[in-house]
Amino acid sequence: LFAIGLCVVMCVSLLAGCGGGKKSVMEKDTIIVGTNAEFPPFEYVDDAGEPDGFDIALIKAVADRMGKKVDVQNMEFDSLVSSIGSKIDLAIAGMTVTPEREQTVLFSNSYYTAVQYVILPKDSEIASYDDLKDKRIGVQMGTTGDFDASDVAGSTVSRYNKGVDAVNDLLNGRLDCVIIDKNPAEAFVSMHSDELTAVDGAQFGFEEEAYAIAMPKVDAELANAINEALDALKSDGTYDGLVQQYIGE
Ligand code: GLN
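Residues numbered from 1 in each chain as written. Predicted model: local features only at pLDDT ≥ 70, side-chain atom pairs only at ≥ 80, totals over all residues. Heavy atoms only, no water.

(A) Spatial organisation of the sheet that holds strand 2 (residues 38-39). The three strands lie next to each other as 2-3-4, forming an open sheet whose pairing is antiparallel. Across the chains shown, the open sheet's two edge strands, defined by having one partner strand only, are strand 2 and strand 4 (51-52). Across two bridges, the pairing between strand 3 (residues 43-45) and strand 4 is antiparallel. Pairing of V45 across the sheet is with P51, part of strand 4. (Pairing = 2+ DSSP bridges. Helix = DSSP H or I, 4+ residues; strand = E, 2+ residues; numbered from the N terminus.)

(B) Expanded view of the packing of helix 2 (residues 54-65) against helix 9 (residues 238-247). At a minimum axis distance of 9 Å, the contact between helix 2 and helix 9 shows a crossing angle of 160 degrees. With respect to helix 9, the axis of helix 2 lies roughly antiparallel. As helix 2 runs across helix 9, the sense of the crossing is right-handed. Mapping the contact onto sequence places F54, A57, L58 and A61 in helix 2 and T238, Y239, L242, V243, Y246 and I247 in helix 9. Each residue belonging to the contact of helix 2 with helix 9 can be placed in one class, and the counts come to nine nonpolar, one polar and no charged. (Axes fitted to C-alpha atoms, helices over the stretch in contact; angles between N-to-C directions. Parallel < 35°, antiparallel > 145°, perpendicular 65-115°, else oblique. Left-handed = near helix turned anticlockwise from the far one by under 90°. Contact = heavy atoms within 4.5 Å. Nonpolar A, V, L, I, M, F, W, Y, C, P; charged D, E, K, R; others polar.)

(C) Region of interest: the site of the ligand. In the vicinity of the ligand, the residues found are F39, F77, A93, G94, M95, T96, R101, Q140, T143, T144, D181 and Y211. A93 is positioned such that a nitrogen or oxygen atom in its backbone is 2.8 Å from a nitrogen atom of the ligand. A distance of 2.8 Å is found between a nitrogen atom of the ligand and a backbone nitrogen or oxygen belonging to G94. For the ligand, whose accessible area on its own is 300 Å², the fraction buried by protein is 100%. (Near = heavy atom within 4 Å. Polar contact = N/O pair within 3.5 Å; in protein donor to acceptor, adjacent residues only side chain to side chain. Areas by Shrake-Rupley, 256 points an atom, 1.4 Å probe, with all protein chains shown as cover.)

(D) Representation of the packing of aromatic side chains. Under the counting rule described, the total for this entry stands at 11 aromatic pairs. The interplanar angle of 80 degrees and the centroid separation of 6.2 Å between the aromatic rings of Y129 and F206 together place this pair among those described as edge-to-face. Linking Y129 in the loop between strand 9 (116-121) and strand 10 (136-140) with F206 in the loop between strand 13 (196-200) and strand 14 (209-211), this pair joins segments that are 77 residues apart in sequence. Of the aromatic side chains, those joined through ring pairs into one cluster are F39, F42, F54, Y111, Y112, Y211 and Y239. (Phe/Tyr/Trp six-rings, centres within 6.5 Å; stacked < 30°, edge-to-face > 60°.)

Limitation: the analysis is restricted to geometry and does not speak to function.
Next up, the structure:
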């Protein structure tokens, strides 16, 4: 019993030591930012092959205010959360705050409000949540659209690394619909407006989602600095300027 007790004490102090000894990202000059540049207008690859978009511009402006540089790493959406604190320092990727993700990461204050949209062929009869039952639904893997689609009774969910690939399979007739966030849905549909339409998920009972920057769970110093920078960019008009430039609302 004593041996077990000793072991527990040692383990606990080891864990505590680990948490306490971890340095804040604020000590670095360059912040490594993870994103998934497949989500226009928030992130996409520009003509020069570099990640660009609202989120990229926003995190650059945030870092600038913090006196930091950024190094943007493009990776799969599904591996962003688990890479925070190892491969990347933080993630900005149109990422919705969810209780599950909050178990692993710390979120900044929200910087944008979104909702899932349902992309449908123009002649589709799907118009309500019940109509989604038993349907073939395409989603981007590990996203809130994936979670919503998986909750639908009898649904067959196809999970893609890129939302655009789901849209292509919808065009090919392999899917009945695609569930994805509002702005990317509109961006993808605008390229195929003869065949597809994007319907507000509120009509299907999907709730509002809040986008935020995901950070290491214990790094309160980083979180404070990021929230302060976001506030400053909102009050000096930079934030609104970026919304105009990238999202156009
Ligand atoms: N907002 C969605 C989520 O967080 C989708 C994000 C994305 O695909 N980049 O799951």
